[in-house]
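Descriptive analysis of the structure
Read off the chains here:
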Amino acid sequence: QSTWGMNFGFKTELAEVGVPYVNALATLRDANTILFSPRKLHVEKFLETKESKDMGVVTADYIVIAVGGRPNVLAEKVCRNSTKHAITSDDIFSLKRAPGKTLVIGGGYIALECAGFLGTLGFPTTVMTRRKFLTTFDQDMARKVVAALEQLAHVRAIPNALPYDIEKIGEDKYRVKWKGDKGEFEEEFNTILMAVGRYATTGLLNLREVGVDVHPESKKVVGGFDGQIEKSSVPNIYALGDVLHGIPELTPVAKKSGQLLAHRLAMLKRGISDGVEFDRTRLEYTDIPTTVFTPLEYSCLGHSEEEAQKKYGQENLEIYHVLVTPLEEALSSRLDAEGNPVKRKAFAKLICEKVGEQRVLGIHYLGPNAGEIMQPLAIAMKMGVTKRMLDRIVGIHPTVAEEFIQMGITKASGMNPEKTGC
């Protein structure tokens, strides 16, 4: 119902500004013509025979491809019956029953977020990945995220393991067999949710016939033509979001690039193709803040430790960190199943250049309200913030955010970063 309400709201907003909405499947006939039909059969028939008499037609000076992607499941050769018995993150909210004991397959943020809310709701939950969790993130932080997931949501985390067989043994009951670095196991679950990546839904768009370059592996649109990251090999066709190769698969990235691209296309329609204002419609795909919405949220911006070490060298870095109990947690009386007090602690880290003003290269935070804290820090990062600048900022007390302007303990010192007072 909530999803339906949001979709209805988006359609209403489009109608209010005079943008027609067509609920149909589309394909390209040429660089300026879109064919569409509510029936997939019509699109497939056109791609095979070029027959389009049963399809609607829209022509445009510019075309933007923003079809996004869909979740993958493990291939049958990897895990038997995965396509038959597993669901994805697209399906979990439309289940007609409670998920019950759930196995989540995947190690990225979608897998951990799903495992987190299922565990928090009280469903016995296991999350399993073939390698490490959050492999593209700072691994020091990733380990802390998983530890918090286990402690706060009671999720069992199994790295370095992968299922190879799913067998239905009853109504909403499945036996899963997996292999890992600790051996071979089997266990029964009520739901198997796979979050093992996504694929671009470009297969029916007729892109190659029209002349749009498509990456051979990702099947995404290749951009970067004429110095515009969203511009394809066909001058009037653009792509944005998850369907654009090499771009972070994050909703806010697609949203912001879409806003800027709309302004750019409006300028092109007026004959403006250069200048300061035109350049301001280009999104900088660097220093993008993001948050993993696990029970204890994790936000990051800029380089991970691993990336910074590789680019600048460990000897040229200074890493500051702090562990603190937020005031609201210090006053909390929540107890775990054994009657022990549960305190959510916050951990913050700054990765800086070692010399001079100590330019900040990466910002990481694990704790309550992570997204709210990281968003304004993204502005500072874009402006070239340094540790010396942060040291001169007056904090708002008592907040966790003020820890970013008063960090003094470095990782290299070996000192305990936990604060016990103000």
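Right, let's walk through the structure included here. Because the structure is a prediction, the values reported are computed rather than measured.

Calculation notes
Residues numbered from 1 in each chain as written. Predicted model: local features only at pLDDT ≥ 70, side-chain atom pairs only at ≥ 80, totals over all residues. Heavy atoms only, no water. Helix = DSSP H or I, 4+ residues; strand = E, 2+ residues; numbered from the N terminus. Buried < 20%, exposed > 50% of the residue type's maximum accessible area, 1.4 Å probe, protein only. Contact = heavy atoms within 4.5 Å. Areas by Shrake-Rupley, 256 points an atom, 1.4 Å probe, with all protein chains shown as cover. Lys, Arg positive; Asp, Glu negative; His and termini not counted. Charge placed at Lys NZ, Arg CZ, Asp CG, Glu CD. Pairing = 2+ DSSP bridges. Axes fitted to C-alpha atoms, helices over the stretch in contact; angles between N-to-C directions.

Examining the overall build of the protein
When helices and strands are tallied, the protein shows twelve helices and 20 strands. Reported as C-alpha extents along the three principal axes, the dimensions of the protein are approximately 75 × 65 × 40 Å. Counting over 422 residues, the protein shows a buried share of 42%. The contacts in the protein between residues at least 6 apart in sequence include a share of 59% that link residues at least 24 apart. Summing over all exposed atoms, the protein offers an accessible surface of approximately 22800 Å²; the carbon and sulfur share of this is 54%. For the protein, the distance from the average site of its 53 positive side-chain charges to the average site of its 53 negative ones is 2 Å.

What to know about the sheet that holds strand 3 (residues 56-59)
As summarised here, the arrangement of the three strands in space is 1-2-3, forming an open sheet in which the pairing is antiparallel. Every other strand in the sheet has two partners, leaving strand 1 (25-30) and strand 3 as the edge strands with one partner each. Strand-to-strand twist in this sheet, taken as the mean axis angle between neighbours without regard to direction, amounts to 30°. By the bridge criterion, five bridges tie strand 1 to strand 2 (residues 33-37) in an arrangement that is antiparallel. Directly across from A26, in strand 2, lies its bridge partner F36. Each of strand 1 and strand 2 touches helix 2 (residues 40-49); the most contacted strand, strand 1, lies at about 20° to it.

Some details on unusual backbone geometry
Residues apart from glycine generally show negative phi values, whereas peptide bonds are mostly found in trans. Following H397, the chain continues to P398 via a peptide bond in cis, the omega torsion being 0°. Along the chain, P398 turns up in the segment after helix 12 (387-391). The backbone of N81 sits at a positive phi, close to 70°, despite the residue not being glycine. Within the fold, N81 resides in the loop between strand 5 (69-71) and helix 3 (82-85). The buried category is assigned to N81, whose relative accessible area is 16%. A positive phi is found at N160, a non-glycine position, where the angle reads about 55°. Judged by its relative accessible area of 33%, N160 is partly exposed.

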